Every structure is written in C-alpha cells, then in structure tokens.
Amino acid sequence: MASGSDLRGVMLAAVAKAIERHADELTALDQAIGDGDHGINMKRGFEAVMADAGNLVAKPWPEFLKGVGMTLVMKVGGASGPLFGTLFLTLGKELPPEPTIDDVVKALRAAIEAVQARGKSERGQKTMLDVLIPVAEHLEAGGRDLGGIVAAAGAAAEATVPMKAIRGRASFLGDRSIGHLDPGARSSALIITAVADVLKEVA
Ligand code: ADP
Ligand code: MG
C-alpha cells in the first residue's frame, strides 16, 4: 500500500489529468447551456493546485484537502471555484488524519451540505449536486465496489440531461436547458472516476 503522501500525489495528478484531458468537452457542455468557461475554469484551478503539489501532498489528509480547496476558491473564477473549493475545504475540515471509508462517507455528506448552503441549491436543479448526492447515497447504502461507484457517478451525470436548470447560469435558459448534460455534473463524475481508478490500482 502506498504511503499517504504517495497516494495523495497519485490521486491529485490523476484528477488534474482527467480535468485537463476533458477540458474541451467541459467547455463545450458549458457553451451549450452556460458561458463556455467551465473547462477553462476547472483546468486553471487544478493547474494551480498542481503547481503547489509538492507542498500540498506532504501534508496530512485534512490539511492537503483544505489546501486544494483554498487554491480552487482563490484561482477559479465563476460559480464552480467557490463550490468545488467548498467541497474540498469541507472534506479537509471533516476528515481525521487517517480516514477510514466510513469517515470519507460522513465527510462527503458534510461537504455536500456545505456546497448546498453556499450555492443555495438542492438536488434536481441540474448541477454538480446531482452527481455528488446520488454518489453519497450509494456509499451510505453500503456501495463499496469501485466499479459500482464509478457507474453511479456516470449514471447520475447522464440523468442531468432531461433536467431543467434551476441554479447557475443554465437556469437563465429555462426550458432550453433541457436536453443537455450539466458541465459541473460531468466534472464531478470525472473527479470521482479518477479517484476510484487510483484506488483500484492500490487496493
Ligand atoms: P459559471 O456558471 O459561473 O460560468 P462554471 O461554468 O465554471 O461557472 O460552472 C458551472 C457549473 O457550476 C454548473 O454546471 C453547475 O454544475 C455548477 N453550479 C452553478 N451554480 C450552482 C449552484 N448554485 N449550486 C450548485 N452548483 C452550481
Ligand atoms: Mg460557465
């Protein structure tokens, strides 16, 4: 089993790479129902995190995650910076230094609640929460198989297609937001998939 800092380093690099690889796709999704900056925003954020990776991964899980969240809040414009920043910051605040999977599940729920408070948003409004909440529920129901978690995230992202956006820029389109995948839901699924794929390797 990799040491904590190795695992943090591999996970962070995998997430940053997934975002980078899909940046054009995320931007295209945001061009359809937003202002076309989601891929750029997320890529810029994770590039800034990677620029400080050596320092961040050397810290224990709580400080590492808080550092990732702070960087995203500071470097990413738009709605997604503060929202993804809040997600990582809260995970860092909630997790003990040597977290178990049950700690992660509890911290994820707290982090989702913090995102909801910040975004004044809830499930069913065609946002990143429509991936995060179903994945949290899958975990809370005992889902531990990594392939099952990835499938739950992918299915939840796809399920945003028929939704009408109630929050974020896409809500300005009203019914015309229907029929498109939400960019933040897609990036949430990409992050969850990247983390699960790393865990598959080390498990
Ligand atoms: P902006 O909308 O400011 O251009 P981005 O394009 O980077 O920011 O991010 C858009 C994504 O952020 C949306 O696809 C959605 O998933 C998420 N989002 C926007 N507003 C909210 C909100 N109030 N609550 C939760 N998620 C939101
Ligand atoms: Mg945008």
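Our subject is the structure listed above.
All values derive from a computational prediction rather than experimental measurement.

**Some remarks on the packing of aromatic side chains**
Here is step 1: Within this structure, the stated rule accounts for two aromatic pairs.
Here is step 2: Residues Phe-46 and Phe-88 carry aromatic rings whose centres are separated by 6.3 Å and whose planes lie at 75 degrees to one another, so their mutual orientation is edge-to-face. Placement of the pair is Phe-46 in helix α3 (residues 38-51) and Phe-88 in helix α6 (residues 80-94), with a sequence separation of 42 residues.
Here is step 3: Summarising the aromatic geometry, the rings of Trp-61 and Phe-64 are spaced 5.7 Å apart at their centres and angled 80 degrees between planes, so their arrangement reads as edge-to-face. Within this pair, Trp-61 and its partner Phe-64 are both found in helix α5 (residues 61-75), separated by three residues, close to a single helical turn.

**Some details on the environment of Gly-34**
Here is step 1: Topologically, Gly-34 is positioned in the loop between α2 (23-33) and α3.
Here is step 2: For the pair Gly-34 and Gly-168, spaced 134 residues apart in the sequence, the C-alpha separation amounts to 8.3 Å.

**A short note on the coordination of the magnesium ion (ligand 2)**
Here is step 1: Coordination of the magnesium ion (ligand 2) by the protein involves Asp-30 (OD), Asp-35 (OD) and Asp-37 (OD), with metal-donor separations of 2.0 to 2.2 Å.
Here is step 2: Here the donor residues of the magnesium ion (ligand 2) share one chain and are spaced in sequence as D-x4-D-x1-D.

**Looking at the site of ligand 1**
Here is step 1: Around ligand 1, a shell composed of 20 residues is seen, among which Asn-41, Ala-79, Ser-80, Ser-121 and Asp-182 lie nearest.
Here is step 2: Interatomic distance of 2.9 Å between a side-chain N/O atom of His-38 and an oxygen atom of ligand 1.
Here is step 3: Note that an oxygen atom of ligand 1 is positioned 3.1 Å from one of the side-chain N or O atoms of Arg-169.
Here is step 4: Relative to its unbound accessible surface of 560 Å², ligand 1 loses 93% to contact with the protein.
Here is step 5: The pocket occupied by ligand 1, as judged from atoms lying within 2 Å of grid points, is the second largest pocket.
Here is step 6: Where the shell around ligand 1 is concerned, the elements lending two or more residues are α3, α6 and α10 (183-202).
Here is step 7: The greatest single-element share of the shell around ligand 1, amounting to three residues, is contributed by α10.
Here is step 8: The class makeup of the residues in the shell around ligand 1 is five nonpolar, nine polar and six charged.

Rules of the game
Note that residues are indexed from 1 along each chain, following the sequence as it is written. By the order in which they are written, chains take letters starting at A while ligands take numbers starting at 1. pLDDT decides what is reported in this predicted model: residues at 70 or higher carry local features, side-chain atom pairs at 80 or more are listed and counted, and totals for whole chains, interfaces and linings draw on all residues regardless. Only hydrogens and water are removed before side-chain values are computed, so all heavy atoms of the structure are retained for them. Under the pairing criterion, centres of Phe, Tyr and Trp rings, with the six-membered ring standing for Trp, must be within 6.5 Å; the plane angle then separates stacked pairs below 30 degrees from edge-to-face pairs above 60, leaving the rest tilted. The secondary structure listing takes helices from DSSP runs of H or I that are at least 4 residues long and strands from runs of E that are at least 2 residues long, numbered from the N terminus. Excluding water, the donors of a metal are its N, O and S neighbours within 2.8 Å, or within 3.2 Å for Na, K and Ca, and that exclusion means sites may look incomplete. Being near a molecule or strand, for a residue, comes down to having at least one heavy atom within 4 Å of it. Residues adjacent in sequence count toward polar contacts only when both atoms are side-chain atoms; beyond that, a polar contact is any pair of N or O atoms within 3.5 Å, and within protein one must be able to donate a hydrogen and the other to accept it. A 1.4 Å probe and the Shrake-Rupley method give the accessible areas. Residues count as covered only by the protein chains that appear here. In the cavity and pocket records, a cavity denotes points on a 1 Å grid over the protein atoms alone where a 1.4 Å probe fits but cannot get out, a pocket denotes an open set with protein on both sides within 12 Å along at least 5 of 7 lines, and lining residues are residues with an atom within 4 Å of a point. A molecule is said to be in a cavity or pocket once over half of its atoms fall within 2 Å of that pocket's grid points. Classification convention: Asp, Glu, Lys, Arg as charged; Ala, Val, Leu, Ile, Met, Phe, Trp, Tyr, Cys, Pro as nonpolar; all other residues, Gly among them, as polar.

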